[in-house]
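# Overview (structure and organization)
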Amino acid sequence: MAGFSRGFGARRREPVPDLPPGQYLTEDFPVLSAGPTPRIAREDWSFRILTERGISATWTWDQLMALPIEEVHTDIHCVTRWSKLGTTWRGVSLDTLFADVETDDDYAMAHSYGGYTTNIPLEDLLDGKAWVAFEFEGEPLEPEHGGPARLLVPHLYFWKSAKWVNGITLQDRDDPGFWEQNGYNLHGDPWKEERYW
Ligand SMILES: Nc1nc2c(c(=O)[nH]1)N[C@H]1C(S)=C(S)[C@@H](COP(=O)(O)O)O[C@H]1N2
Ligand SMILES: [Mo]
């Protein structure tokens, strides 16, 4: 009885080491989409990087698959307060995609099929911090979770991980994306609780 109630209390009160402030653990994987789920066939999918100099690079699905693929073990944190610990993804690092991109801009806007946008400083996308991910827990990423491919930027709140991603545009200002125009924080670091403006 004592053990039972202690275990129960522990779940609610004791801080979980890997959990940012104000977050709770969840075992399932909630779907949070601002609109309907776009159905994009892999043959029709493409991803491009646009700089101030014009289109810098584009990849078809097959071209993406030909790049070095990384396995990513990471925690994810949604601004609506759920966190999932120890998730496994496969994807291509943005370091790989940006390898030959020349830009003087410091900011990026991620774009998705369906029109979603989210702004991210370029430094939050590079140095092993972000991927175009297409597998979750060993399975192809489901359309509801952004399949065929989504951005994965796990050190920021999960709204920055644009589902159905199809491009990144570089910009010289940190202009707000979809949720950022609707009151979410420009940056979104869960450890600093950068939830809203
Ligand atoms: N294209 C697109 N990407 C999106 C969203 C969206 O509505 N559209 N929602 C964001 C939000 S608010 C969150 S919390 C996560 C949710 O991802 P999930 O549905 O896989 O849990 O996706 C983010 N990426
Ligand atoms: Mo979210």
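Residues numbered from 1 in each chain as written. Chains lettered and ligands numbered in written order. Predicted model: local features only at pLDDT ≥ 70, side-chain atom pairs only at ≥ 80, totals over all residues. Heavy atoms only, no water.

### Points about the sheet that holds strand β2 (residues 46-51)
Across the sheet, which stays open at both edges, the 5 strands sit in the order β3-β2-β11-β6-β7 with mixed pairing between neighbours. Strands with a single pairing partner mark the edges of an open sheet, and in this sheet they are β3 (54-60) and β7 (117-121). Between one strand axis and the next, the sheet turns through 15 degrees on average, direction left out of account. Here β2 pairs with strand β11 (residues 165-171) via 3 bridges, running parallel. When the bridges of β11 are listed, Ile49 appears paired with Ile168. (Pairing = 2+ DSSP bridges. Helix = DSSP H or I, 4+ residues; strand = E, 2+ residues; numbered from the N terminus. Axes fitted to C-alpha atoms, helices over the stretch in contact; angles between N-to-C directions.)

### Overview of the pattern of salt bridges
Applying the stated criterion across every chain yields a total of 6 salt bridges. In this structure, Glu144 and Arg39 form a salt bridge, with 3.4 Å as the shortest nitrogen-oxygen distance. Residue Glu144 is found in the loop between β9 (139-140) and β10 (150-152), and its partner Arg39 is found in the loop between β1 (24-25) and β2; the two are separated by 105 residues along the sequence. Take Glu144: its relative accessible area is 28%, and that puts it in the partly exposed class. Linking Glu193 and Arg195 is a salt bridge whose minimum nitrogen-to-oxygen distance equals 2.8 Å. Using a relative accessible area of 34% as the deciding quantity, one classes Glu193 as partly exposed. (Salt bridge = Lys/Arg side-chain N within 4 Å of Asp/Glu carboxyl O. Buried < 20%, exposed > 50% of the residue type's maximum accessible area, 1.4 Å probe, protein only.)

### A look at unusual backbone geometry
The omega torsion across Gly147 and Pro148 is 10 degrees, close enough to zero to call that bond cis. Within the secondary structure, Pro148 is located in the loop between β9 and β10. Positive phi, close to 95 degrees, is recorded for Arg81, a residue that is not glycine. Structurally, Arg81 is set in the loop between β4 (70-77) and β5 (82-93). A positive phi is found at Glu137, a non-glycine position, where the angle reads about 50 degrees. By secondary structure assignment, the location of Glu137 is in the loop between β8 (131-136) and β9.

### A word on the nonpolar core
Counting residues in each nonpolar core, the largest one holds 36 residues, and the members touching the most others are Leu125, Val132 and Leu151. For this core, the elements supplying multiple residues, two or more each, are β2, β3, α2 (61-65), α3 (94-97), β6 (107-112), β8 and β11. Formed by 12 residues, the second largest nonpolar core is a distinct cluster that contains Phe29, Cys78, Trp82 and Leu141. (Core = buried A, V, L, I, M, F, W, Y, C linked by side-chain atoms within 4.5 Å.)

The values are spatial; any link to function lies outside them.
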